[in-house]
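Now for the letters of each chain:
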Amino acid sequence: MLENLQQYQEEVNNFNGGTASEVEEFRIKFLGKKGIINDLFFAFKALPGDQKKAYGQPLNILKKAAEDKVESFQNTQGIDENNASFEDLTRPGYAKSKGSIHPISLVRNEICDIFSKFGFSIAFGPEVEDDWHNFTALNLPKYHPARDMQDTFFLDVSPERLLRTHTSSVQIRHMENAKPPLRFLAPGRVFRNEAISARSHCLFHQVEGLYVDENVSFADLKQTIQYFTESLFGKSKIRMRPSYFPFTEPSAEVDVYWGLETETDYRITKGTGWLEIMGCGMVDPSVLENVGIDSDQYSGFAFGMGIERIAMLLYQIGDIRMFFENDIRFLQQFGAQY
Ligand code: DAH
């Protein structure tokens with residue numbers, strides 16, 4: 001069989017396309033499971049070692065040539081094989097499907113848009129952080145028990161280098177380099193070593209918000225969050241439960257009243273009607289002092305939320321893994337919005 005290689009190569013070279021079924025016939029003849037090329041490779045395998053050299057290269061060339069032919073003629077196929085052959089340049093083109101924006105980006109953009117309406121700008125910081133910006137300056141000194149909650153990925157190069165566990169680190173970077181009044185959002189990726197269950201994910205997204213000025217109060221915080229929930233979810237009833245974060249004092253968790261109108265509402269709110277959406281609080285004066293801002297003159301509020309969580313609520317997505325699997329059927333549901 002291998003003696004005929006030359007002849008097969010000529011046949012492939014001379015193939016000039018045709019109707020869809022002719023191209024398909026050619027493909028099956030040469031590249032099909034029981035096609036010539038597979039047979040040739042089979043024969044090749046059985047050759048004694050010293051003869052392999054002579055056939056290996058031409059065999060690969062033949063295979064590549066056949067694949068190229070099929071590809072080029074498949075791409076120029078007409079829609080109707082009877083009257084539209086590859087030569088018909090007047091036939092209608094193929095519609096190109098549009099891409100869509102990932103739901104995480106959609107929600108991030110939406111959150112940034114809402115806050116930009118009242119003067120919040122956007123800030124970014126590095127994903128590889130140091131201990132100071134991710135922990136110490138945020139009132140989490142070494143051996144602080146709250147560090148354990150953050151399941152940090154430390155980098156091998158130095159124990160001082162780590163993947164940021166929250167976007168709160170951007171607060172510190174920004175405050176170190178600018179003077180109040182400050183008002184910004186910091187969206188970005190964060191990392192936690194959470195291999196507890198298949199549902200937990202080591203990489204997710206957060207948005208941090210910070211506002212520092214003279215006379216910023218808890219009332220300002222509450223009003224800002226309320227405006228936000230109204231704009232994003234169309235729901236303005238919120239409640240703030242006392243909580244603890246090292247970098248804010250007092251601290252709160254925000255619940256939005258989702259309602260109990262449908263069965264889904266019951267399920268996702270566990271029958272309470274309330275859903276937790278973010279953490280927040282008044283910036284701890286010692287955090288301000290850590291970055292050289294006079295805490296007698298200035299005060300501020302901060303908040304942080306997980307974008308996946310917000311997106312799951314907004315689009316009623318039941319499993320966080322959907323965001324990372326890149327299943328086109330999932331992604332296409334978010335439309336071509338650009
Ligand atoms: N950094 C917190 C976390 O990752 C989220 C957070 C809570 C940020 C309260 C804040 C805040 O700015 O005030 O869990």
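The structure under discussion appears in the preceding block.
Residues numbered from 1 in each chain as written. Predicted model: local features only at pLDDT ≥ 70, side-chain atom pairs only at ≥ 80, totals over all residues. Heavy atoms only, no water.

S.K.: Please clarify how the overall build of the protein chain should be interpreted in this entry.
M.R.: Along the backbone of the protein chain there are 13 helices and 10 strands. By the compact-globule yardstick of 20 Å for 338 residues, the protein chain is too spread out, its C-alpha radius of gyration being 30 Å. Structurally, the protein chain occupies a C-alpha span of about 90 × 50 × 40 Å along its principal axes. Buried positions account for 42% of the 338 residues belonging to the protein chain. Looking at the protein chain alone, contacts between residues at least 24 apart form 65% of all its contacts between residues at least 6 apart. Within the structure as shown, the protein chain displays about 18600 Å² of accessible surface, and the carbon and sulfur contribution to it stands at 51%. Each charge class in the protein chain was averaged separately, 35 positive and 47 negative side chains, and the resulting centres sit 3 Å apart. (Helix = DSSP H or I, 4+ residues; strand = E, 2+ residues; numbered from the N terminus. Rg over C-alpha atoms; globule rule 2.2 N^0.38 Å. Buried < 20%, exposed > 50% of the residue type's maximum accessible area, 1.4 Å probe, protein only. Contact = heavy atoms within 4.5 Å. Areas by Shrake-Rupley, 256 points an atom, 1.4 Å probe, with all protein chains shown as cover. Lys, Arg positive; Asp, Glu negative; His and termini not counted. Charge placed at Lys NZ, Arg CZ, Asp CG, Glu CD.)

S.K.: How should I be thinking about the nonpolar core in this particular structure?
M.R.: Nonpolar side chains in soluble globular proteins tend to end up buried together. Counting residues in each nonpolar core, the largest one holds 40 residues, and the members touching the most others are Ile111, Phe303 and Met305. Secondary-structure elements contributing two or more residues to this core are helix H5 (103–116), strand E6 (203–213), helix H8 (218–233), strand E8 (248–257), strand E9 (274–283), strand E10 (299–306), helix H11 (307–315) and helix H13 (328–331). Broken down by element, the residue count for this core peaks at seven residues, all from H5. Setting aside residues no more than four positions away along its own chain, Met305 makes contact with Ile111, Phe115, His205, Gln206, Val207, Phe228, Ile277, Met278 and Ile310. One finds Val170, Leu210, Val212 and Leu288 within the second-largest nonpolar core, a separate group that totals 23 residues. (Core = buried A, V, L, I, M, F, W, Y, C linked by side-chain atoms within 4.5 Å.)

S.K.: Teacher, can you tell me more about the packing of helix H1 (residues 5–14) against helix H2 (residues 20–31) here?
M.R.: The geometry of a pair of packed helices is captured by two quantities: the angle between their axes and the separation between those axes. Interaxial distance between H1 and H2 falls to 12 Å at its minimum, and their mutual angle equals 160°. Relative to H2, the element H1 lies roughly antiparallel. In the crossing of H1 with H2, the sense of the turn from one axis to the other is left-handed. Here Tyr8, Glu11 and Val12 of H1 come into contact with H2, specifically with Phe26, Lys29 and Phe30. Partitioning the contact of H1 with H2 into residue classes produces four nonpolar, no polar and two charged. (Axes fitted to C-alpha atoms, helices over the stretch in contact; angles between N-to-C directions. Parallel < 35°, antiparallel > 145°, perpendicular 65-115°, else oblique. Left-handed = near helix turned anticlockwise from the far one by under 90°. Nonpolar A, V, L, I, M, F, W, Y, C, P; charged D, E, K, R; others polar.)

S.K.: Is there a simple way to explain the site of the ligand in this structure?
M.R.: Near the ligand you find 15 residues, and of these His166, Ser168, Arg192, Gln206 and Glu208 are the closest. Gln206 places a polar side-chain atom, nitrogen or oxygen, 2.9 Å from an oxygen atom of the ligand. Within the backbone of Phe303, an N or O atom sits 3.4 Å from an oxygen atom of the ligand. When isolated, the ligand has an accessible area of 350 Å², and the protein chains bury 90% of it. Breaking the shell around the ligand down by element, the ones donating at least two residues are helix H7 (168–177), E6, E9 and E10. (Near = heavy atom within 4 Å. Polar contact = N/O pair within 3.5 Å; in protein donor to acceptor, adjacent residues only side chain to side chain.)

S.K.: I would appreciate a short explanation of the sheet that holds strand E4 (residues 158–163) in the present structure.
M.R.: Pairing between the strands of a sheet comes from backbone hydrogen bonds, and it takes one of two forms, parallel or antiparallel. On the basis of which strands lie adjacent, the open sheet formed by three strands has the order E2-E4-E3 and antiparallel pairing. This sheet does not close on itself; its edge strands, each paired only once, are strand E2 (128–130) and strand E3 (154–155). Bridge analysis of E3 against E4 gives two bridges, and the strand direction is antiparallel. Residue pairing across strands places Leu155 opposite Ser158, the latter belonging to E4. (Pairing = 2+ DSSP bridges.)

S.K.: How should the sheet that holds E9 be read in this particular structure?
M.R.: A sheet is described by the order of its strands in space; here seven strands give the open sequence E1-E5-E6-E10-E9-E8-E7, paired in mixed fashion. Of all the strands in the sheet, just strand E1 (121–122) and strand E7 (238–245) have a single pairing partner and so form its edges. With two bridges joining them, E1 and strand E5 (residues 182–191) adopt parallel strand pairing. Counted as the bridge partner of Ile122 is Leu185 from E5. In the packing of H8 onto the sheet, the strands contacted are E7, E8, E9 and E10, and the crossing angle to E7 comes to about 120°.

S.K.: Sorry if this is basic, but what is going on with the side chain of Thr229 here?
M.R.: Within the secondary structure, Thr229 sits in helix H8. Note on Thr229: relative accessible area 0%, which makes it buried. Dropping the residues within four chain positions of it, Thr229 is found in contact with Gly234, Lys235, Ser236, Ile238, Val256 and Ile277.

S.K.: Can you walk me through unusual backbone geometry in this structure?
M.R.: Trans peptide bonds make up most of the peptide bonds, and negative phi angles are found at most residues other than glycine. The peptide bond linking Pro180 to Pro181 adopts the cis configuration, its omega dihedral lying at 5°. Mapped onto the elements of the fold, Pro181 is located in the loop between H7 and E5. Backbone geometry places Asn215, a non-glycine residue, at a positive phi of 60°. Locating Asn215 in the fold gives a position in the loop between E6 and H8. Phi is positive for Asn326, close to 55°, though the residue is something other than glycine. Counting through the fold element by element, Asn326 comes out in the loop between helix H12 (322–325) and H13. Looking at Asn326, the relative accessible area reads 53%, which means it is exposed.

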